[in-house]
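Below are the chains, spelled out letter by letter.
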Amino acid sequence: MRTQVAIIGGGPSGLLLSQLLHRAGIDTVVLERKTKDYVLSRIRAGVLETGMVAQLRAAGVGARLDRDGIVHDGTVISYEDSEIRIDFTRHTDSHVTVYGQTEVTRDLYAAREAMDGRLVFNADGVTIHDADSDAPWLTYMQGDTEHRLDCDYIAGCDGFHGVSRQTIPQTVRNEYEKVYPFGWLGILSETPPVHDELIYASSDAGFALCSMRNANLSRYYIQCGMDDHPDNWSDDAFWEALKRRIPDAHAQALITGPSIEKSIAPLRSFVCEPMCWGRLFLCGDAAHIVPPTGAKGLNTAASDVHYLSQALIGHYAGNGDEGIAQYSQTALARVWKAERFSWWMTSLLHQFPGQTTFDMRMQQAEVAFLSDNAHAQAVLAQNYVGLPY
Ligand code: RFL
Ligand code: PHB
């Protein structure tokens with residue numbers, strides 16, 4: 001089999017790239033290790049920047065998002081019982097849209113299938129060959145049969161645990177990592193959201209986040225130990241811990257119900273430089289991870305896809321290879337800013353094991369500064385709605 005761009009990974013990065021390239025007349029094949037149902041069963045991001053929404057529209061998958069996505073013009077940061085509303089409209093000309101990653105992925109699969117896009121599921125043992133030559137190729141297994149895929153370029157969109165980044169020789173790769181000493185325990189429940197905007201809550205019992213998917217589907221998270229397990233948390237224990245961490249007025253208004261999903265995510269900051277090697281280009285979680293505190297993971301994946309799709313479209317249109325040569329540098333410049341913001345929000349709002357009273361006072365002073373300083377609020381707002389690209 002031959003294609004122009006072979007894409008490893010059928011998550012949001014790989015599907016969006018495939019869709020944007022296909023619409024520009026560029027042939028792709030997406031190799032996904034799991035099944036479609038498995039990919040769609042993962043509950044992840046919920047907040048989309050306007051840049052990502054624009055790309056989804058450009059990819060022809062904006063209709064359901066425009067109908068069901070919920071525009072948010074602000075968010076709430078709370079500290080014990082005090083609340084700061086960060087007003088996006090006052091500080092930026094933008095907003096965010098609440099629309100789940102599962103729905104984004106569902107829309108992208110539907111669009112790829114409607115265009116007869118080539119998607120290979122259950123592609124096992126994907127191996128990259130000759131990425132540093134002019135004629136790269138891949139092999140993979142489906143059942144007992146080995147397949148070969150020749151291509152011009154390879155996009156590594158296979159997430160943090162994928163094969164693409166590992167293919168870049170260690171002598172070429174620099175990795176920067178910070179693992180946080182806690183996780184997020186998240187639940188999904190068919191209850192109305194406690195508030196019409198997201199609440200990022202810091203308290204002496206730890207961090208909590210009140211988010212949502214729609215008018216009757218809420219997503220809540222609480223900071224937990226890194227070795228904790230969802231089975232250790234009954235629904236009642238979760239709701240009690242959440243109530244303890246959010247301002248009283250919200251705790252009293254909270255409508256609880258049975259969880260329909262409960263899982264723990266570890267928190268990590270990670271960047272791989274460069275984001276390419278020869279004709280292999282990394283996009284999204286394959287190249288970088290942020291802690292979810294700023295809602296930047298999926299959005300940063302989307303900005304990578306923007307830069308890479310533009311570079312490849314430029315190449316195939318005969319406009320030169322400048323975009324391809326600059327891809328890693330251009331993408332990384334934006335990635336590091338998202339890393340900084342996510343690290344800052346995580347550091348500000350979580351309880352760190354072993355933190356001293358001085359550390360706590362620093363967090364409190366930073367929140368106090370944020371609460372009455374319009375410039376500090378503007379910086380948060382600009383980063384939250386997403387830096388331009
Ligand atoms: P994905 O989604 O991990 O998809 C990679 C795909 O590649 C496949 N794969 C392979 N396929 C073939 N061969 C191999 N060897 C392969 N290895 C892996 C996998 O099966 C998978 O289908 O990466 P992608 O596409 O780069 O997308 C990144 C996003 O999923 C991620 O950044 C976000 O979910 C992060 N994130 C959030 N981002 C936001 O922008 N806003 C949010 O509100 C937000 N909330 C979150 C989040 C992530 C969370 N968790 C669970 C880490 C909340 C949470 C709790
Ligand atoms: C979510 O709704 O899952 C969500 C929202 C905001 C975040 C992280 C996760 O910062």
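Further up the page is the structure itself.
What this report covers is the structure whose coordinates are included nearby. (Residues numbered from 1 in each chain as written. Chains lettered and ligands numbered in written order. Predicted model: local features only at pLDDT ≥ 70, side-chain atom pairs only at ≥ 80, totals over all residues. Heavy atoms only, no water.)

### Notes on the sheet that holds strand β17 (residues 259-273)
Here comes step 1: Pairing is mixed in the open sheet, where eight strands are placed in the order β6-β5-β14-β15-β16-β13-β17-β20. Each end of this open sheet is capped by a strand with a single partner; those strands are β6 (82-87) and β20 (288-289).
Here comes step 2: Contacting β13 (174-189), β14 (199-202), β15 (208-214), β16 (217-224) and β17, helix α8 (residues 235-245) crosses the sheet at an angle of about 80 degrees to β16.
Here comes step 3: Against the sheet, helix α13 (residues 374-385) touches β5 (74-79), β6 and β14, its axis set at about 60 degrees to β6. (Pairing = 2+ DSSP bridges. Helix = DSSP H or I, 4+ residues; strand = E, 2+ residues; numbered from the N terminus. Contact = heavy atoms within 4.5 Å. Axes fitted to C-alpha atoms, helices over the stretch in contact; angles between N-to-C directions.)

### Overview of the site of ligand 2
Here comes step 1: Taken together, the neighbourhood of ligand 2 is formed by 14 residues, with Y200, S211, R213, Y221 and P292 sitting nearest.
Here comes step 2: One nitrogen or oxygen atom from the side chain of Y221 is found 2.6 Å from an oxygen atom belonging to ligand 2.
Here comes step 3: Contact with the protein chains removes 97% of the 280 Å² of surface that ligand 2 exposes when unbound.
Here comes step 4: Taken together, the elements giving at least two residues each to the shell around ligand 2 come down to β15 and β16.
Here comes step 5: In terms of residues, the shell around ligand 2 owes the most to one element, β15, which gives three residues.
Here comes step 6: Each residue belonging to the shell around ligand 2 can be placed in one class, and the counts come to eight nonpolar, three polar and three charged. (Near = heavy atom within 4 Å. Polar contact = N/O pair within 3.5 Å; in protein donor to acceptor, adjacent residues only side chain to side chain. Areas by Shrake-Rupley, 256 points an atom, 1.4 Å probe, with all protein chains shown as cover. Nonpolar A, V, L, I, M, F, W, Y, C, P; charged D, E, K, R; others polar.)

### Considering the sheet that holds strand β2 (residues 28-31)
Here comes step 1: The mixed open sheet is built from six strands, whose spatial order is β8-β2-β1-β12-β19-β18. Strands with a single pairing partner mark the edges of an open sheet, and in this sheet they are β8 (118-120) and β18 (276-277).
Here comes step 2: Of the strands in this sheet, β1 (5-8), β12 (153-156) and β19 (280-282) touch helix α10 (residues 297-316), which is tilted by about 170 degrees from β12.

Distances and angles like these do not, on their own, reveal function.
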